[in-house]
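If you want the building blocks of each chain, they are given just below.
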Amino acid sequence: MSMTAPSPVVGEQQTGMGSWYPLFYRWRRIIFKWWWIVFLTTSAGLSYQAYTVSKAPISYRSEARLIMNNNVEIPGKGMVAESPGDLIGTMSELLQGSEITKSATERVKTLYPDTPTSGASIGVTTVTGGGIIRLTSTGSDPKFVQVYLDAVIQEYMTFRRGLMAGVTETTFSSINAELKNIEAQLHVAEEEVIQFQQENNIVFLQQQGSSAGSYLGGLSNQLASLRTELEFIKSLERNHTVDWVKAMTLSNTGQMMNAQSTEEGESGNRDSKADPKKAAEGQYQQLRQELLVLKNDKEELGRFLKPRHPRMVQIDEKIQRLDRTLALFQNQTKEQITNRRSMIELQIQNLERESVKWEKDAHDLNRKLADYDRLKSKVDRLKTQHARLIETIQNIDISQAIGQEPFSVMESAKPAVSMAIFNRNKILMGGLAGLVLGFVILFAIDRFDDRIRTITEVSNMYAYPILGQVPHEKSLAKEQAAESLLSPQDQRHIYSESYRNIRSSLLYMDVEGERAKTILVTSANPNEGKSTISANIAVTFALLNSKTLIIDADLRHGTTHKFFGFDSNPGLADVLGLKCRAQDVIRPSKIPNLFVMPRGKAMDHPGELFLGQTMDNLIKELYQFFDYIIIDSAPVMVADDTPSLAPKIDGCVFIVRANFTSSRVARNAISILQARQVNILGLVLNDLDTSQPEYYYYKYKDYYYYRRPKQGSS
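A quick note: this is a predicted structure, and the numbers were derived from the prediction, not measured.

1. Topic: the sheet that holds strand β15 (residues 680-688)
Note: strands within a sheet are paired through backbone hydrogen bonds, in either parallel or antiparallel orientation.
Turning to step 1, where the next piece is worked out: With mixed pairing, the eight strands of this open sheet are ordered in space as β8-β15-β14-β9-β13-β10-β12-β11. Edge positions in the open sheet fall to β8 (466-471) and β11 (587-588), since each of these has one partner strand only.
Turning to step 2, where the next piece is worked out: Sheet topology note: the strand β14 (residues 651-657)/β15 ladder contains six bridges and is parallel. Looking at β15, one finds that V656 is bridged to L685.

Structural data, given as structure tokens:
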């Protein structure tokens, strides 16, 4: 009964027409079905804008142009550029402000008393390039709109000139006040410098500070040298096997001690140029050399002479005398080094006290010099600020610089024109907005509608082969279940060929081991056509002269018996309930080699029957008598009947109905079957729209009809 399932085949990425046609077909169906939404939103947008425009008063617009010059010439400084964005932003705020609009209205009343006063709005825009500014005035009276725009421009120019005049006076006042403040601060700072110089001799402080630094540097070097020498002496004292004479000659201590000895003996030998250190070292090395020679001679003579030989005794006496002399050298040198250590410690203490005293004096000197430098820097800074303010007053004609107007009139206000053309554009924009809203709604509908529509979508979504596709048959729309069943001489050629294609896919499927003999047909939800497809698959196998049995395993709402004109009782439920035998409920149909087992009495909880041993025994028994067993089961997402039965069957065919089955629900159903280790043979797409180019049978429907040859033709 077992067989190895075919490896799932992931749908390949479609290219060419296959990549865009499913999307085109999907949207074509959406538009055909929901076109009234787009029509409704577009009509609503057009109607709303038309109503708004019809209720709005007729408006007129006048236009004027100004030239912007954002480069201001300042004598002594050249051209200074102001930001165009700042100029235009300031201008827009001023033109729309209450002060200028009120003054412009009063000007119109004075100059044009016969012109009725009505409201008008001012707009400011820039022409490409930024050098020209376009001013617009919009209102209900064409004459008022034009004269009001001219009045606004004149009032703006007057307001800006008055503002700049006030800025000039304020600028002069600010500079003079700042100049007086700087002069006062400079006077106080100079008095502080003079007072400090009177209390302190600056030259003496600078010289004394330099001397103190040099002297402290010398003290620091002496301390470092003495501390190094002291550490060296301490290390010699810790080493009990040191050669004191040699250590003295190699150290700064030895140099200093020899220098001291030289100074003590300088009165007796001032003209001598001999180095006492080298002389002592040479004498010591000479004695050591003599000792080594005597010891070597003693060793050579000891081979031939006895120890009491006079010559040997004489050599021993010399060796002892040299040992005493060398020991005396060592003791004297050690004593000299010890005395030197005490002297160094006293020198270090004295130098440390001297350093502390001089560091305090140097700190006081540096603090006074820093105070003097700070006072001088303050005076220099104030003098620089004072000179800049004087230069500003002398070299810049502020009145001339500020008085330059950055705007000049290029075109005065033109006669006002009607805004009717703009109203027409508003209506069209309303229609466009409604059209866009309609497609947004359709897009939302498409996002929430995940129903499968094309064969390409099936192959891209599911990793199983597609066994076949059943077209939508219009003749079945109002007919009974029995009319959906195939007959041996069925004239619905496209409809019948689609089931033969499913049969061929099952027969020639690439599997390992024996082919599926028991085939379970199921779907995710009811009304997806699984019963019709399972019955017709059974018919196609029977037409091959294969002994075929179809079992209605939907024990809740099975309808297989209706296709063959049988009653539902007795059936599978009675066999599983041990009320009768299988051969008692199996009935032959009108189609040769095809037998039917109805569902039996409807049950509420048939899942336990499928899990029992009775179902296993029934399948084994039926295996012996039939070539193929087709089982129509309940939908997967409705109950646990199919997941309980499917693992016992050789293979499962999963039905997906076009424009009906949710891809998400179908994916969940397949996942449930996979979790039960069900062998899913493949998918069948049912109720497919034959207008799709992907449906290949429909293209060649004329091929199935036999045409008689015309008379006279061979």
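Structure's up, so let's keep going.
2. A closer look at the pattern of salt bridges
Turning to step 1, where the next piece is worked out: Applying the stated criterion across every chain, the model contains 14 salt bridges.
Turning to step 2, where the next piece is worked out: Its salt-bridge partner being E300, residue R303 comes within 3.7 Å of it at the nearest N-O pair.
Turning to step 3, where the next piece is worked out: Measuring nitrogen to oxygen at the nearest pair gives 3.0 Å for the salt bridge that ties R676 to D640. Placement of R676 in the loop between α21 (663-675) and β15 and of D640 in the loop between β13 (628-632) and α20 (641-645) is noted, with a sequence separation of 36 residues between them.

3. A short note on the nonpolar core
Turning to step 1, where the next piece is worked out: Ranked by size, the top nonpolar core spans 46 residues in total, and within it L572, M597, L622 and F654 carry the most contacts.
Turning to step 2, where the next piece is worked out: Setting aside residues up to four positions removed in sequence, L572 forms contacts with I551, D552, A553, L555, M597, P598, R599, G600, F610 and L618.

4. Some points on the environment of L230
Turning to step 1, where the next piece is worked out: Looking at where L230 falls in the secondary structure, it is placed in helix α5 (residues 202-238).
Turning to step 2, where the next piece is worked out: As for L230 and R340, which are separated by 110 residues in sequence, their C-alpha atoms are 8.9 Å apart.
Turning to step 3, where the next piece is worked out: Those residues in contact with L230 that sit more than four places away from it in its chain are R341, I344, E345 and I348.

5. Digging into the confidence of the model for the protein chain
Turning to step 1, where the next piece is worked out: Looking at the protein chain as a whole, the pLDDT averages 77, with 78% of positions reaching at least 70.
Turning to step 2, where the next piece is worked out: Residue range residues 5-18 is modelled with pLDDT below 50. Its contacts to residues more than four positions away, or to other chains, number 25 contacts.
Turning to step 3, where the next piece is worked out: Counted against residues more than four places away or in other chains, residues 253-273, with its pLDDT under 50, gives 19 contacts.

6. Quick notes on the packing of aromatic side chains
To describe a pair of aromatic rings, one takes the distance between the centres and the angle between the planes.
Turning to step 1, where the next piece is worked out: One pass over the full model with this rule turns up five aromatic pairs.
Turning to step 2, where the next piece is worked out: Its end group placed over the ring of F626, K547 keeps NZ or CZ at 5.3 Å from the ring centre.
Turning to step 3, where the next piece is worked out: The ring centre of F660 lies 4.7 Å from the NZ or CZ of R657, which sits over that ring.

What counts, and where the lines are drawn
Residues numbered from 1 in each chain as written. Predicted model: local features only at pLDDT ≥ 70, side-chain atom pairs only at ≥ 80, totals over all residues. Heavy atoms only, no water. Pairing = 2+ DSSP bridges. Helix = DSSP H or I, 4+ residues; strand = E, 2+ residues; numbered from the N terminus. Salt bridge = Lys/Arg side-chain N within 4 Å of Asp/Glu carboxyl O. Core = buried A, V, L, I, M, F, W, Y, C linked by side-chain atoms within 4.5 Å. Buried < 20%, exposed > 50% of the residue type's maximum accessible area, 1.4 Å probe, protein only. Contact = heavy atoms within 4.5 Å. pLDDT = per-residue confidence, 0-100. Phe/Tyr/Trp six-rings, centres within 6.5 Å; stacked < 30°, edge-to-face > 60°. Lys NZ or Arg CZ within 6 Å of the ring centre and 35° of its normal.

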